[in-house]
Each structure stands twice: as C-alpha cells, then as structure tokens.
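# Structural overview for review
One letter stands for each residue in the lines below.
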Amino acid sequence: MADRIDGKRLANGLIQGLTKEVEQFKASHNVVPGLAVVLVGHDPASQVYVSSKVKRAKEAGLNSIEHYLSEDCSQSELDGVIEQLNSNPNVHGILVQLPLPSHLCEKKVIESIAPEKDVDGFHPQNVGRLGTGEASLTPCTPLGCMLMLRQHFGDCLSGLSGKHAVVIGRSNIVGKPMAQLLLQANCTVTVVHSRTQNIESLCQQADILIAAVGQPEMVKSSWVKTGAVVIDVGINAISRDGKRKLVGDVEFDSVSGVASALSPVPGGVGPMTIACLMQNTLTAAKNQINLPTNKPFSAQMQTEM
Ligand SMILES: Nc1nc2c(c(=O)[nH]1)N[C@@H](CN(C=O)c1ccc(C(=O)N[C@@H](CCC(=O)O)C(=O)O)cc1)CN2
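Since the structure is predicted, the reported quantities are computational estimates derived from the model, not experimental observations.

## Concerning the overall build of the chain
Across its full length, the chain holds 11 helices and 11 strands. A globule of 305 residues ought to have a C-alpha radius of gyration of about 19 Å, and the chain, at 19 Å, matches this closely. Across the 305 residues in the chain, those meeting the buried criterion constitute 42%.

As structure tokens, then:
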C-alpha cells in the first residue's frame, strides 16, 4: 500500500510556520503583508477557492483585501482594479482567480499585474525568470508539488536528482512550470500531453509521475511503475452513485497498490496550492522592502521552506 502524501497536514504545518514568520516580519518592519484577491463572477468552485484563500490569509496574519466583481464586468473595469492594486503600497500580492468569464482576456489581465506583486507567478517576467533559474515568484501548485516531493524524499532535493519525472499536462499554470522545477532539481523530465503517442508506456517509465491533465481517474495502475511516487494535481467533480464526489486524475485505490507514495484528492495538492500562495505573499512583501530573501527556487528548497 502506498504512503499517503498528506497535503492537508503539510499545508497546516506550512501555515503555522508562516504565521510566526509573518509576526516577526510585522514586528521588525512595521509592515503587514497584504494579499489582494480578485474574483469576477460567481463560478461556485472559484468561490470556494477564494474563500479558502481569504481564510488562510487571515489565519497567517496577512491583510486580506478582496474585490468581488460582477460576471458582466468589463475589461476596463477589471484593468482599473488591477491598476489601483498595483499602485497601493499596502498590497504586496495580487491574484485574479481563474478562469475568467470568456469575454475577458486572461493574458491581458496576467500581464497587467505588477511582476513583483504577481503571487501566482503567471506574469511573463516571472515565467522567464523561472525558466532561467533566477529568483522569481513561483506558481503555487507546482511549488506545492515540489514541497510534497521534498517531504517524501527527505529534507533537500538531492533525493530527486537523476530520477525520471513524467509530467502529464502542459498548461501554463501547472505542467510547464512543474517541468521547470523538476529540471532545477536535476530530474530527467518528460512532458506528455493530448497529442503524445504511447502515453501509457512513457508513464510506466516514471520514477515520479505528476498528473495534471483534468481527466477524472485517467491514470490507472497499469500506467504506474512499481514503487513510483505519484502526485495527483487533478481536482474533478464527478457524480457517482447519485452523489457529487471529487476525484483526481489518478485512480487512487488501484494506483495505491503499485506506487510507493501517492497524494490524495481532496487533501493533497489543493491545500498546498493555497499555503504556497501565502508563502509567496510574504516573499513578495520581503522583496518589496528589499530584504535580501529572494533566492532562486533551488536554493530556497535547500534551506528555508
Ligand atoms: N489565480 C489562480 N487561479 C487558479 C489557480 C491558481 O493557482 N491561481 N488554481 C486553480 C484553483 N485553485 C486555486 O486557485 C485551487 C483549487 C483547489 C484547491 C483545494 O484546496 N481543493 C480541495 C478541495 C476543495 C473542494 O472541496 O472543492 C482539495 O483538493 O482538497 C485550492 C486551490 C484554478 N484557478
């Protein structure tokens, strides 16, 4: 039976540590790190995620600033809110919850957030810096996955070195940054996607398998090498036996019999995404008062997190 990589417990520990760090930061610098969350419309899942973000921010002692805009909000109204947050010195981190209603341009919105406040790490400047291994704000879900792997492999990333990691999915939010982070940890990385031939046989070669494809229970036990470590990023709502249920991209019960460790859904990557957002907000606040803390990702993983 695979070990369960408990994201909920790990996230609680991270938030606890962060709360102390935020307290010290406030006491030393007389600055309260501020996180602004922007939600457009009333997508039920987005509402759940945003309220968790607000709750966790308050728990960690951050100042939470919320903007709820109507479903039919115009591009210029949203641009105006971001502009105002960009120039507000009490706001250190800004995130716009995705997806946006289809009449709004996600790319334009992401690019309009000041890179130093982009706690989602989606701005092209942060994406580029991640790619070249420079200090950057790192996307929260892949960062959360790396922390889960670090916990499993021991306290630094050397346990990952030389492992073959296969990432299923090539989204800008998860698949691509995930591949970059695994490369920085000296893994050999394969990214597979909807046009890849023989996905199953490539996955069978993985020591580390990251499923981020958004297909309920797509990864079966026959796809997984005995002893592999599997991180399930998918969060899919399905109806089973007349009840709504959340499942990942991995068939949990069967894969548990083959993998050496597996993260569950719910209670895996989701809570880690939110904890990493809080971590990024503190990092952004430190950077904005010019504390020398913004190390490249690989250096951060060796030490403070
Ligand atoms: N601006 C962003 N938008 C989106 C991101 C993101 O990182 N930034 N990621 C996802 C959604 N997401 C965070 O925003 C997210 C998804 C799921 C969870 C989570 O904790 N899920 C729970 C289950 C919750 C439930 O009951 O529905 C779990 O997995 O245990 C947190 C954050 C897309 N948009």
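## Quick word on the UniProt feature "domain: Tetrahydrofolate dehydrogenase/cyclohydrolase catalytic" (unreviewed entry) in the chain
Under the feature "domain: Tetrahydrofolate dehydrogenase/cyclohydrolase catalytic" (unreviewed entry), the UniProt entry names residues 5-120. Helix makes up 50% of residues 5-120 and strand 16%. Its end C-alpha atoms lie 23 Å apart.

## Some details on the site of the ligand
Close contacts around the ligand come from 19 residues, with Y49, L98, P266, G270 and T273 the closest. Among the secondary structure elements, those contributing two or more residues to the shell around the ligand are α2 (44-59), β4 (93-96), α6 (140-153) and α10 (269-288). No other element matches the 4 residues that α10 contributes to the shell around the ligand. Among the residues making up the shell around the ligand, the classes are represented as 12 nonpolar, 6 polar and 1 charged. A domain-level breakdown of the shell around the ligand finds at least three residues from each of domain 1 (30-114) and domain 2 (140-270).

## Looking at the UniProt feature "binding site: NADP(+)" (unreviewed entry) in the chain
When the UniProt feature table is mapped to this numbering, "binding site: NADP(+)" (unreviewed entry) covers G169, R170, S171 and I235. Locating G169 in the fold gives a position in the loop between β5 (164-168) and α7 (175-184). Exposure remark for G169: the 23 C-beta atoms within 10 Å place this residue in the buried category. Residues within four places of G169 in sequence aside, it is in contact with V174, G175, H193, A212 and V213.

## Remarks on the pairing of strand β9 (residues 236-240)
Burial analysis of β9 places just 0 of its 5 residues in the buried class, which makes it a mostly uncovered element. The pairing of β9 with strand β10 (residues 243-247) spans 5 bridges and is classified as antiparallel. Note that in β10 the partner of S239 across the bridge is R244. Between β9 and β10, which follow one another and run antiparallel, lie 2 residues, and D241 among them has a positive phi close to 50°.

## Considerations on the sheet that holds strand β2 (residues 34-40)
In sheet architecture, strand pairing relies on hydrogen bonds along the backbone and comes in two forms, parallel and antiparallel. Reading across the sheet, the 3 strands line up as β3-β2-β4 and stay open at both edges, with parallel pairing between neighbours. The open sheet terminates on both sides in strands that have one partner only, identified here as β3 (63-69) and β4. Between one strand axis and the next, the sheet turns through 15° on average, direction left out of account. Bridge count for β2 against β4 is 4 bridges, and the pairing is parallel. When the sheet's bridge partners are listed, V37 is paired in β4 with L95. Docked against the sheet, α2 engages β2 and β3, running at close to 165° with respect to β2. Across the sheet, helix α3 (residues 75-86) lies against β2, β3 and β4, angled at about 165° from β3, the strand it touches most.

## Observations concerning the domain arrangement of the chain
Domain boundaries assigned for the chain yield domain 1 (30-114) and domain 2 (140-270). Domain 1 and domain 2 are separated by 28 Å when their C-alpha centres are compared.

## Looking at α6
The end-to-end C-alpha distance of α6 is 20 Å, a good match for the 20 Å that 14 residues give at a rise of 1.5 Å each. With 10 of 14 residues buried, α6 lies mostly within the body of the structure. Of all the positions in α6, only C140, T141, P142, L143, G144, C145, M146, L147, M148 and L149 are classed as buried. Downstream of α6 by one or two residues, G154 has phi in the positive range, about 110°.

## A closer look at the nonpolar core
Core analysis: the biggest nonpolar cluster contains 84 residues, and L209, I210 and V230 have the highest contact counts within it. In terms of residue count, the dominant contributor to this core is α10 (10 residues). Each of domain 1 (30-114) and domain 2 (140-270) gives at least three residues to this core. The contacts of I210, once residues within four sequence positions are left out, are C145, A165, V167, I168, M178, I231 and V233.

## Focus on the packing of α6 against α7
For the pair α6 and α7, the least separation of the axes is 8 Å and the interaxial angle reads 40°. The angle between the axes of α6 and α7 places the two elements in the oblique class. Relative to α7, α6 is oriented so that their crossing is right-handed. On α7, the residues that touch P142, C145 and M146 of α6 are P177, M178 and L181.

Cut-offs and rules
Residues numbered from 1 in each chain as written. Predicted model: local features only at pLDDT ≥ 70, side-chain atom pairs only at ≥ 80, totals over all residues. Helix = DSSP H or I, 4+ residues; strand = E, 2+ residues; numbered from the N terminus. Rg over C-alpha atoms; globule rule 2.2 N^0.38 Å. Buried ≥ 20, exposed ≤ 12 C-beta atoms within 10 Å, placed from the backbone. UniProt positions renumbered as here; feature names shortened; annotations may be inferred. Near = placed C-beta within 6 Å. Nonpolar A, V, L, I, M, F, W, Y, C, P; charged D, E, K, R; others polar. Domains from an automatic or database assignment. Contact = placed C-beta atoms within 7 Å. Pairing = 2+ DSSP bridges. Axes fitted to C-alpha atoms, helices over the stretch in contact; angles between N-to-C directions. Expected span 1.5 Å × (residues − 1). Core = buried A, V, L, I, M, F, W, Y, C linked by C-beta atoms within 7 Å. Parallel < 35°, antiparallel > 145°, perpendicular 65-115°, else oblique. Left-handed = near helix turned anticlockwise from the far one by under 90°.

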